[in-house]
Amino acid sequence: MDTYYSETNHEESPQGGFLSRYVFTTDHKTIGLNYLWLALFSVFLGMAMSLPMRIHLAWPGMHLPLLSSLGNSPERFAALTTLHGSLMVFLVLTAAPQAGFGNYFLPLQIGAREMAFPTLNLLAFWATVASLLGLTTTFFLSPQSAITLWVVSVAIFCAASLVNALNFSVTTIDLRAPGMTLPRLPLTVWAWFLNAILGTLIFSILLAACVCLLSDRLMGTHFFPVLNFVAHQPSGVISNAVPVLWRRLFWFFAQAEVYVAMLPCFGLATHLISTFSRKPVWKERLVVLALCGVGVFGFCVWGQHMFSSGMNPFSPLVFSLLASSLGIPATILVVSWFGTLWNARLQLNTAMLFSLGFISLFLTGGLSGIFLARHDLASAAAVSDDFVTGHFHLVMGVAATFAILGALFFWFPKLFGRRLNEPFGKLHFWLTFAGVYCVFMPMHWLGLIAHSRVSSTTLASLPGASSSIHTFITIAILLTVFAQGLFLINFLWSLFHGERVLECNPWRATTLEWSVSSPPPADDFGASDPVVYRGAYEFSVPEAAEDFVPQHLAPEQVVKARKAGE
Amino acid sequence: MPGTTAVPEIEIIVDDIGGGGGGPTPPPGGGDDGNGDGDDRNRRRRWSPSPKRYSTAITIGIVSILMFFMALASAFIVLRRGSDLWVTVHLPRILWANTCVLLASSFTLESARRRLDLADSSGFRKFWLMTTVLGFLFVGGQLVAWRQLVAQGVYIASNQASSFFYIFTGAHAVHLLGGVGALLFVGFRKSEKTRISLPAATEITSYYWHFMDGLWIFLLALLYLGK
């Protein structure tokens with residue numbers, strides 16, 4: 001964990017007063033930034049973990065430094081997979097777009113000077129750090145105590161997320177600036193808000209499941225009897241016998257968790273696409289409804305996973321229909337993105353490229369998701385999880401990461417007063433974009449090959465093919481991970497030497513955070529409270545002097561600007 | 001001295017803005033009553049988050065806690081249905097007394113709030129204190145119930161029904177102690193130092209307290225009917 005602290009120390013504390021300025025501050029901007037540092041650290045740690053896993057899959061005989069020094073056993077591999085998953089899902093995909101960008105920009109975008117409950121916010125952040133510490137420590141413990149510590153850490157993370165979600169929803173409901181009515185909210189805020197509501201519901205469920213599991217492990221209760229049985233077996237014996245109840249509770253959470261990670265990304269991508277197309281979001285109200293729909297359906301499709309894992313819920317048809325109907329809001333979003341892009345004067349900077357990459361990955365991943373929504377195919381796919389792994393990573397992992405990176409390129413000038421290097425960023429984008437397709441497309445094929453091998457014997461001659469595919473994937477992963485080094489270099493270099501941004505609004509965007517200096521002053525809006533006069537996406541307005549009208553500009557100022565323009 | 005007088009002023013102004021908002025969505029222009037005065041520094045000092053945030057938070061918090069208990073309840077129902085060897089827990093009699101204590105505390109809480117409306121400060125304090133004592137009494141009663149079960153040899157790990165009994169009562173007691181904490185905080189606070197006005201504080205405490213009350217009835221019914 002030294003790395004984390006040295007990283008923050010190194011990058012964040014130029015002078016003294018470190019504790020009061022960065023550690024115990026209740027300022028939403030610092031807390032949001034801290035979440036981003038945390039996510040940055042976790043994403044590189046998680047990515048580093050995926051390397052030994054893939055290398056092991058491709059060249060099983062090879063001795064790997066981390067794995068073999070700790071005993072090159074199946075438990076180590078399972079521990080590595082678990083840790084990779086928990087770090088990426090909880091601390092990157094859940095924390096970065098919601099808690100990171102959300103904490104920083106939600107108050108700025110709605111015209112509030114702080115979150116509704118700043119102290120709780122600080123508490124939630126440190127609870128998240130504690131859970132990261134706990135999760136990472138599990139790797140170095142014996143399996144029995146590691147599992148207990150893992151559950152405790154996840155429970156802490158749940159509590160932190162609940163507090164966060166509460167804070168976000170209350171802030172959005174009660175702290176909006178005068179004039180910031182609900183229809184005028186930027187779509188990023190809508191996404192954060194809906195996500196927070198979804199979070200208050202599902203993290204309680206996971207917390208309850210964790211409490212039961214902990215009482216099983218510590219007090220000898222029998223909520224999940226088979227799970228305890230499994231945990232006490234040597235690793236080879238672990239069968240499909242994970243009890244029904246755990247599945248029910250876990251998927252109740254986990255299916256919705258996918259949307260918890262995706263919702264803010266939808267918001268971010270839509271926001272960026274509109275800004276860099278210089279066009280209003282096409283059918284903005286419908287997009288808001290679609291975001292609501294994603295939340296509602298996402299909450300309801302937990303039963304989907306029951307048949308994916310071979311257990312029959314009340315009615316496969318109902319859940320299959322529900323899962324497929326998630327396609328409706330998703331389609332609305334995609335159509336709106338294309339409607340916005342249609343005939344637009346695109347500004348293809350890195351932020352925009354990443355949003356377009358997000359659309360591409362989301363479409364590809366979504367298509368394979370349709371296969372999984374059919375319950376017969378889903379149960380077949382579960383036989384070999386390569387297809388599911390590919391689908392899941394493409395949609396949730398990589399697409400979400402693209403949205404996060406796009407948002408980072410977009411907001412970097414506001415966060416640090418400097419720009420990220422564009423040519424470097426574009427190179428990084430194209431390498432990553434090609435890389436992830438090379439990794440996850442073959443993974444789908446692997447899944448299909450394994451499936452056909454199970455169902456018929458005609459393709460039994462394929463193990464050779466599948467092992468060469470494994471090698472290809474592993475090489476592609478190595479290259480993709482090293483491409484991220486480019487990003488890290490770009491990020492660190494730009495932090496100190498990037499091109500300075502002197503104006504408030506370098507992207508000529510409309511929302512409130514661009515009305516203040518970069519980085520924003522300590523009290524966000526300086527002397528005068530912001531007042532909002534119009535919607536968030538007033539681009540290419542015919543009568544305006546420029547091709548955008550910021551939300552905070554009073555109508556008389558717009559007229560004045562138009563006259564000056566003429 | 002000037003410092004101490006300035007704070008209540010801010011409080012009052014904030015309350016005015018909040019009152020003018022009327023409903024969860026502040027209407028456009030609802031808060032810019034100070035737009036004309038031009039004293040920017042003064043305006044910045046006055047900015048404070050809407051006081052309505054406390055009641056919004058308690059509402060969302062209640063939904064979240066409800067979800068937590070619903071997950072436990074659904075686990076109870078699933079395991080209860082799925083098991084053939086369900087050993088029932090004989091609910092200790094004292095639970096019924098505890099329930100009455102908790103119901104009574106809701107009544108005393110409402111009486112306290114009515115006294116507050118009538119500006120009867122000492123009556124408010126009396127009933128508020130009574131509610132707090134009843135809250136402690138309930139938690140104590142739950143502990144007695146646990147002791148009685150332990151005396152009968154029923155432990156948390158004995159069987160699934162007993163696990164649920166202890167988890168339900170334990171989780172509820174923890175949440176209820178949060179409510180008792182709020183009661184103590186409101187009862188003994190120094191009113192000059194807090195950001196939330198007394199009527200608002202009592203209101204959100206009462207929401208939470210009545211919710212705890214209803215939740216207990218639900219859990220008790222679940223345990224009773226699940227026998």
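Residues numbered from 1 in each chain as written. Chains lettered and ligands numbered in written order. Predicted model: local features only at pLDDT ≥ 70, side-chain atom pairs only at ≥ 80, totals over all residues.

Each helix and strand in chain B was counted, giving seven helices and zero strands. When the helices and strands of chain B are listed from N to C terminus, the series reads α-α-α-α-α-α-α. In chain B, which comprises 227 residues, the proportion classed as buried is 30%. Sequence-distant contacts in chain B: of pairs separated by 6 or more residues, those separated by 24 or more amount to 80%. (Helix = DSSP H or I, 4+ residues; strand = E, 2+ residues; numbered from the N terminus. Buried ≥ 20, exposed ≤ 12 C-beta atoms within 10 Å, placed from the backbone. Contact = placed C-beta atoms within 7 Å.)

For the rest of this paragraph, the subject is the overall build of chain A. Across its full length, chain A carries 20 helices and zero strands. The buried share among the 566 residues of chain A stands at 51%. Residue pairs in contact within chain A that sit at least 24 positions apart in sequence constitute 80% of those at least 6 positions apart.

Another aspect to go through is the domain arrangement of chain A. All names here are of chain A. What the domain assignment lists for chain A is domain 1 (1-53 + 71-242), domain 2 (273-501) and domain 3 (504-566). Each side of the interface is counted separately: domain 1 has 19 residues, and domain 2 has 22 residues. Among the elements that make up the side of domain 1 that touches domain 2, the one with the highest residue count is helix α8 (residues 187-219) (seven residues). Residue classes in the side of domain 1 that touches domain 2 are distributed as 16 nonpolar, two polar and one charged. (Domains from an automatic or database assignment. Nonpolar A, V, L, I, M, F, W, Y, C, P; charged D, E, K, R; others polar.)

Right, let's talk about the environment of Arg176(A) for a bit. Residue and element names in this part refer to chain A. As for its placement among the helices and strands, Arg-176 is situated in the loop between α7 (143-174) and α8. On the neighbour-count criterion, Arg-176 (25 C-beta atoms within 10 Å) is buried. With 34 residues separating them in the primary sequence, Arg-176 and Cys-210 have C-alpha atoms 35 Å apart.

All names here are of chain A. With 201 residues, the main nonpolar core has Cys-210, Leu-263, Leu-291, Ala-399 and Ala-403 as its most contacted residues. Ranked by residues supplied to this core, first place goes to α8 with 22 residues. The residues contacting Leu-263, other than those within four sequence positions of it, are Ala-191, Leu-194, Asn-195, Leu-198, Leu-291, Val-294 and Gly-295. (Core = buried A, V, L, I, M, F, W, Y, C linked by C-beta atoms within 7 Å.)

Bringing the packing of helix α4 (residues 94-117) of chain B against helix α5 (residues 121-151) of chain B into the picture now. Residue and element names in this part refer to chain B. Packing of α4 against α5 leaves a shortest axis separation of 8 Å and a crossing angle of 165°. The orientation of α4 relative to α5 falls into the category roughly antiparallel. Handedness of the crossing formed by α4 with α5: left-handed. For the contact of α4 with α5, the residue count by class is 18 nonpolar, ten polar and one charged. (Axes fitted to C-alpha atoms, helices over the stretch in contact; angles between N-to-C directions. Parallel < 35°, antiparallel > 145°, perpendicular 65-115°, else oblique. Left-handed = near helix turned anticlockwise from the far one by under 90°.)

Inspection of the secondary structure puts Ser74(B) in helix α3 (residues 53-82). Through-space distance from the C-alpha of Ser74(B) to that of His172(B) is 16 Å; in sequence the pair is 98 residues apart.

Next up on the list: the confidence of the model for chain B. Residue and element names in this part refer to chain B. Mean pLDDT over chain B: 79, with 77% of residues reaching 70 or higher. Scored below 50 in pLDDT, residues 1-44 makes 43 contacts in the model with residues more than four places away or belonging to other chains. ipTM for the predicted complex: 0.83, alongside a pTM of 0.86. (pLDDT = per-residue confidence, 0-100.)

The end-to-end C-alpha distance of helix α11 (residues 284-300) of chain A is 24 Å, a good match for the 24 Å that 17 residues give at a rise of 1.5 Å each. Inspection of α11(A) places Glu284(A), Val287(A), Val288(A), Ala290(A), Leu291(A), Val294(A), Gly295(A), Phe297(A) and Gly298(A) among the buried residues, and these make up the whole buried set. (Expected span 1.5 Å × (residues − 1).)

In this section: the packing of helix α3 (residues 28-58) of chain A against helix α6 (residues 118-138) of chain A. All names here are of chain A. Where α3 contacts α6, the two axes come as close as 10 Å, and the packing angle between them is 15°. Relative to α6, the element α3 is oriented roughly parallel. In this structure, the crossing between α3 and α6 has a hand that is left-handed. In contact with His-28, Ile-31, Asn-34, Tyr-35, Leu-38 and Ser-42 of α3, α6 contributes Pro-118, Asn-121, Leu-122, Phe-125, Thr-128, Val-129 and Leu-132.

Attention now moves to helix α14 (residues 327-341) of chain A. Because an α-helix packs 3.6 residues into every turn, residues spaced three or four apart end up facing the same way. All names here are of chain A. The terminal C-alpha atoms of α14, which comprises 15 residues, lie 21 Å apart, in line with the 21 Å expected from a rise of 1.5 Å per residue. Among all positions of α14, only Pro-329, Ala-330, Leu-333, Ser-336, Trp-337 and Thr-340 are buried. Seen along its axis, α14 keeps its buried residues to an arc of 125°; they face one direction. Exposed and facing more than 90 degrees away from the buried side of α14 are Thr-331 and Phe-338. Immediately downstream of α14, the backbone of Asn-343 shows phi near 60°, a positive value. (Arc of directions from axis to C-beta.)

Residue and element names in this part refer to chain A. Each neighbour pair has its own omega, and for Ser-518 with Pro-519 the value is -15°, a cis peptide bond. Along the polypeptide, Pro-519 turns up in the loop between α19 (463-497) and α20 (555-565). Of note in the backbone geometry, Asn-343 takes a positive phi value of approximately 60° without being a glycine. Its location among the elements puts Asn-343 in the loop between α14 and α15 (350-373). You will see that Arg-508, though not glycine, has its phi angle at about 50°, which is positive. Residue position: Arg-508 is located in the loop between α19 and α20.

Residues and elements named next belong to chain A. Mean pLDDT over chain A stands at 82; residues scoring 70 or higher make up 80%. Considering only residues more than four positions removed or in separate chains, one finds that residues 233-242, a stretch of pLDDT under 50, has eleven contacts. For the stretch residues 306-313, pLDDT sits under 50, and the model shows 23 contacts to residues farther than four places along the chain or on other chains.

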